[in-house]
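# Topology and contacts: notes
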Amino acid sequence: MSNTDPMAGPHAYDQYSQNSQYPHNSPSPQNSPYPPQSPPPPRPRRERREGGARRTGLIVHTIADVAAAFLGLWILLYLLEANQGNVFVEFVHGVADWLAWWSQDVFTMDTEGLRVLLNYGLPAVIYLLVGHGISARLNRV
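Here the structure is a predicted model, which is why all the values come from computation and not from measurement. (Residues numbered from 1 in each chain as written. Predicted model: local features only at pLDDT ≥ 70, side-chain atom pairs only at ≥ 80, totals over all residues. Heavy atoms only, no water.)

## Let's talk about the overall build of the chain
Assigned secondary structure in the chain consists of three helices and zero strands. Counting from the amino terminus, helix and strand elements in the chain follow one another as α-α-α. For the chain, the residues scored as buried account for 23% of the 141 residues in total. Excluding contacts between residues fewer than 6 apart, the proportion of contacts in the chain whose partners are at least 24 apart in sequence is 50%. Just so you have it, the chain exposes about 10,700 Å², and 62% of that area is on carbon and sulfur atoms. (Helix = DSSP H or I, 4+ residues; strand = E, 2+ residues; numbered from the N terminus. Buried < 20%, exposed > 50% of the residue type's maximum accessible area, 1.4 Å probe, protein only. Contact = heavy atoms within 4.5 Å. Areas by Shrake-Rupley, 256 points an atom, 1.4 Å probe, with all protein chains shown as cover.)

Take a look at the structure:
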């Protein structure tokens, strides 16, 4: 068998520093065969702007998800016949009404459950599609 070690001789990891400034088991930087690492260069401005666009995309994505979650929660509470006098149910209903004001009575059905499903489900789907589309566009910048 032959030794396939690319560096013959003592290695930096074999030698430990006796200098009190370094931990006992760490290699000594004076004996290291590798050049000292310099700090990374500053990021170009474009990368900084891309980071801002990604954060904005994440915010838009999250807002769309939260809006759709409130609308979906109201649909679920209504279909499960939750107590309309409960403070939490009233809060969710108020937020859902505020989010779906523009789509109220788009669908007029005889079945009340189907009407709530369609009139609150439509804005939930639209918020998801538009919010995720804007987020994807911002992430591509």
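Once you've had a look at it, read on.
## Overview of the nonpolar core
Grouped together as the largest cluster of nonpolar side chains are 16 residues, with contacts concentrated most on Leu71, Trp74, Leu77, Val89, Ala96, Leu99 and Tyr120. When contributions to this core are tallied by element, the ones reaching two or more residues are helix 1 (45-79), helix 2 (87-99) and helix 3 (112-140). With six residues, helix 1 is the largest single contributor of residues to this core. Not counting the four nearest positions on each side in its chain, Ala96 is found in contact with Phe70, Leu71, Trp74 and Tyr120. (Core = buried A, V, L, I, M, F, W, Y, C linked by side-chain atoms within 4.5 Å.)

## Comments concerning unusual backbone geometry
Positive phi, close to 55 degrees, is recorded for Glu81, a residue that is not glycine. Along the polypeptide, Glu81 turns up in the loop between helix 1 and helix 2. Even without being glycine, Asp105 reaches a positive phi, approximately 60 degrees. Relative to the helices and strands, Asp105 resides in the loop between helix 2 and helix 3.

## A look at the packing of aromatic side chains
Across all of its chains, the model carries four aromatic pairs by this definition. Ring geometry for Trp74 and Tyr78: centres 5.8 Å apart, planes at 55 degrees, overall tilted. You can see Trp74 and its partner Tyr78 sitting in helix 1, four residues apart, about one turn around the helix. Considering the side-chain rings of Trp102 and Tyr127, the 6.4 Å spacing of their centres and the 80 degrees angle between planes classify their relative orientation as edge-to-face. (Phe/Tyr/Trp six-rings, centres within 6.5 Å; stacked < 30°, edge-to-face > 60°.)

## With respect to helix 2
Between its first and last C-alpha atoms helix 2 spans 18 Å; for 13 residues at 1.5 Å apiece the expected length is 18 Å, and the two agree. Every buried residue of helix 2 is accounted for by Val89, Val92, Val95, Ala96 and Leu99. Down the axis of helix 2, the smallest arc covering the buried residues is 130 degrees, so these residues share one side. Residues Val87 and Trp98 are exposed on helix 2 and point more than 90 degrees away from its buried face. For helix 2, the capping residue at the N-terminal end is Asn86, with a side-chain oxygen 2.7 Å from the backbone nitrogen of Phe88. (Expected span 1.5 Å × (residues − 1). Arc of directions from axis to C-beta. Polar contact = N/O pair within 3.5 Å; in protein donor to acceptor, adjacent residues only side chain to side chain.)

By themselves, these figures tell us nothing about what the structure is for.
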